[in-house]
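Geometric and topological summary
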Amino acid sequence: MTGGAGAQRLAPAKVNLFLHVGDRRADGYHDLASLVIFADIADAITLRPSKALSLELSGPHASGLAVGPGNLVLKAARALESWATSHGHKTGPVTLTLEKNLPVASGIGGGSSDAAATLNLLCAHWALPVHDDDLQAIGLSLGADVPVCLRAAPTLMSGRGEILSPVSVLPQFSLVLVNPLVAVSTAAVFASLTARSGAFPRDLPAKQFGIRDFAGWLDQTINDLASPAKSLQPVIWQVEKALVSSDGCLVARMSGSGATCFGLYPTHDSATRAASLITEAHPHWWVRAGRMFANEGQRAPA
Ligand code: C5P
């Protein structure tokens, strides 16, 4: 996506297909191994030049957020501005608009993806020659999931979230995301974690997966954060069950620290059918069908 007035960037939902947690580190974070993909269910960030850096909110989940300095979009903009200033590059004030379509604190990286989209958008708008490593470091300073969100493509993630390897063997699939509209704090889930499977990635095969083989492979993995999240918010059991028992669902599991769960489906028709039946049964839940996000807006390396 190019810079300029009215430039826009999508901030797609991040889905942890598995999430294995290891030891707590000296910095207070946990080592982890996670296979991450993105869905074409997204927030959007728009910018226009203005007199001072500011943020406006729109969209169905805007009321869950504040526009204060703690907002990750503003933090991302300030962090990049300060990198630019310290490296002698010019920036200019912008008004950013965040269209908040994804539920807040929901395990699909909404805030992290918003921050990453802001960094990518402003790099293009300000024409900054920032190297990928520097951008990843700025991202990591904002949150453990921001580096992977800067890529917004299938990735094996490890360390505290900063070691990233691209994954190219996944099949195309559709998915359904369901959130019961209860917010879950990532820090609280990590704090009540008792059993950890260890931060070991499962080796991916060298050849392309078929969808059913992939679902079978995924079944050998786990999200270690599901158990503590379910004890904090037992409704997550119900969400997972609604997905598992829907027609065509190949595998269902919680993403990140919850409460959003995903189901994988072999066709888009089966995913949209499952989404409408779950919506009918649970009209107060947030339910969306989508496909894997195809990242066509990847910034060129500096
Ligand atoms: O970096 P982020 O703000 O997303 O992390 C929120 C909280 O989740 C951290 O403060 C930490 O308690 C926990 N966390 C962790 N290990 C990770 C990622 C997050 O313990 N790898």
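These notes cover the structure that comes with them. Model, not experiment: these values are computed from the prediction.

It is worth spelling out the pairing of strand β3 (residues 54-58) at this point. Across 5 bridges, the pairing between β3 and strand β4 (residues 94-99) is parallel. By the bridge assignment, Ser 58 is partnered in β4 with Glu 99. Handedness of the β-α-β unit built from β3, helix α1 (residues 72-86) and β4 comes out left-handed.

Let us now look at α1. Across its 15 residues, α1 extends 21 Å between first and last C-alpha, which sits within 8% of the 21 Å expected from 1.5 Å per residue. At the exit of α1 stands Gly 88, carrying a positive phi of roughly 75 degrees.

So, about the pattern of salt bridges. The final tally for this structure, using the stated rule, is 8 salt bridges. The closest approach of N and O atoms between Arg 25 and Asp 31, which form a salt bridge, is 3.1 Å. Look at Arg 25 and you get partly exposed, because its relative accessible area is 23%. For Lys 230, the salt bridge is made with Glu 240, and the minimal N-O distance between the two is 3.0 Å.

Turning next to the site of the ligand. Neighbouring the ligand are the residues Gly 28, Tyr 29, His 30, Leu 32, Gly 143, Ala 144, Arg 160, Thr 186, Ala 187 and Phe 190. Tyr 29 is positioned with one of its side-chain polar atoms (N or O) 3.0 Å from an oxygen atom of the ligand. One of the backbone N or O atoms of Arg 160 is found 3.2 Å from a nitrogen atom in the ligand. For the ligand, whose accessible area on its own is 460 Å², the fraction buried by protein is 73%. Taken together, the elements giving at least two residues each to the shell around the ligand come down to β2 (30-49) and α5 (186-191). Counting residues per element, the shell around the ligand draws most heavily on α5, at 3 residues. Class assignment of the residues belonging to the shell around the ligand gives a composition of 5 nonpolar, 4 polar and 1 charged.

This part covers the packing of α1 against helix α3 (residues 132-142). Packing of α1 against α3 brings their axes to within 10 Å, and their N-to-C directions diverge by 140 degrees. In terms of orientation, α1 and α3 fall into the oblique class. By crossing handedness, the relation of α1 to α3 is classed as right-handed. Facing Leu 72, Lys 75, Ala 76, Ala 79, Leu 80 and Trp 83 of α1, the residues of α3 in contact are Asp 134, Leu 135, Ile 138 and Leu 142. When the residues that make up the contact of α1 with α3 are grouped by side-chain class, the tally is 8 nonpolar, no polar and 2 charged.

Here we take up the packing of aromatic side chains. Scanning the model with the defined rule gives 5 aromatic pairs in all. Between the aromatic rings of Phe 209 and Trp 217, the centroid separation amounts to 5.6 Å while the plane-to-plane angle is 55 degrees, which identifies the pairing as tilted. Of the residues examined, Phe 209 reaches a relative accessible area of 11% and is grouped as buried. Among the aromatic residues, those joined into a cluster by ring pairs are Phe 18, Phe 173, Phe 209, Phe 214 and Trp 217.

Here we come to the pairing of β2. β2 sits mainly inside the fold: 15 of its 20 residues count as buried. Two elements, strand β1 (residues 7-24) and β2, share 15 bridges in a ladder whose sense is antiparallel. Paired with Asn 16 across the strands is Val 36, a residue of β2. Counting the residues that bridge the hairpin from β1 to β2 gives 5 residues, and of these Gly 28 lies at a positive phi of roughly 90 degrees. Examined bridge by bridge, β2 and strand β5 (residues 155-159) share 5 bridges and lie antiparallel to one another. Bridge pairing links Ala 33 to Ser 158 in β5. For β2 and β4, the ladder comprises 6 bridges, and the chain directions are antiparallel. Directly across from Arg 48, in β4, lies its bridge partner Thr 95.

Our next topic: the packing of α1 against helix α2 (residues 110-125). It is at 8 Å that the axes of α1 and α2 come closest, and there the two elements cross at 35 degrees. Helix-helix and strand crossings are classified by hand; for α1 and α2 the assignment is right-handed. From α1, Leu 72, Val 73, Ala 76, Ala 77 and Leu 80 reach across to α2, where they touch Gly 111, Ser 112, Asp 114, Ala 115, Thr 118, Leu 119, Leu 122 and Cys 123.

Analysis parameters
Residues numbered from 1 in each chain as written. Predicted model: local features only at pLDDT ≥ 70, side-chain atom pairs only at ≥ 80, totals over all residues. Heavy atoms only, no water. Pairing = 2+ DSSP bridges. Helix = DSSP H or I, 4+ residues; strand = E, 2+ residues; numbered from the N terminus. Right-handed = clockwise from strand over helix to strand, strands pointing away. Expected span 1.5 Å × (residues − 1). Salt bridge = Lys/Arg side-chain N within 4 Å of Asp/Glu carboxyl O. Buried < 20%, exposed > 50% of the residue type's maximum accessible area, 1.4 Å probe, protein only. Near = heavy atom within 4 Å. Polar contact = N/O pair within 3.5 Å; in protein donor to acceptor, adjacent residues only side chain to side chain. Areas by Shrake-Rupley, 256 points an atom, 1.4 Å probe, with all protein chains shown as cover. Nonpolar A, V, L, I, M, F, W, Y, C, P; charged D, E, K, R; others polar. Axes fitted to C-alpha atoms, helices over the stretch in contact; angles between N-to-C directions. Parallel < 35°, antiparallel > 145°, perpendicular 65-115°, else oblique. Left-handed = near helix turned anticlockwise from the far one by under 90°. Contact = heavy atoms within 4.5 Å. Phe/Tyr/Trp six-rings, centres within 6.5 Å; stacked < 30°, edge-to-face > 60°.

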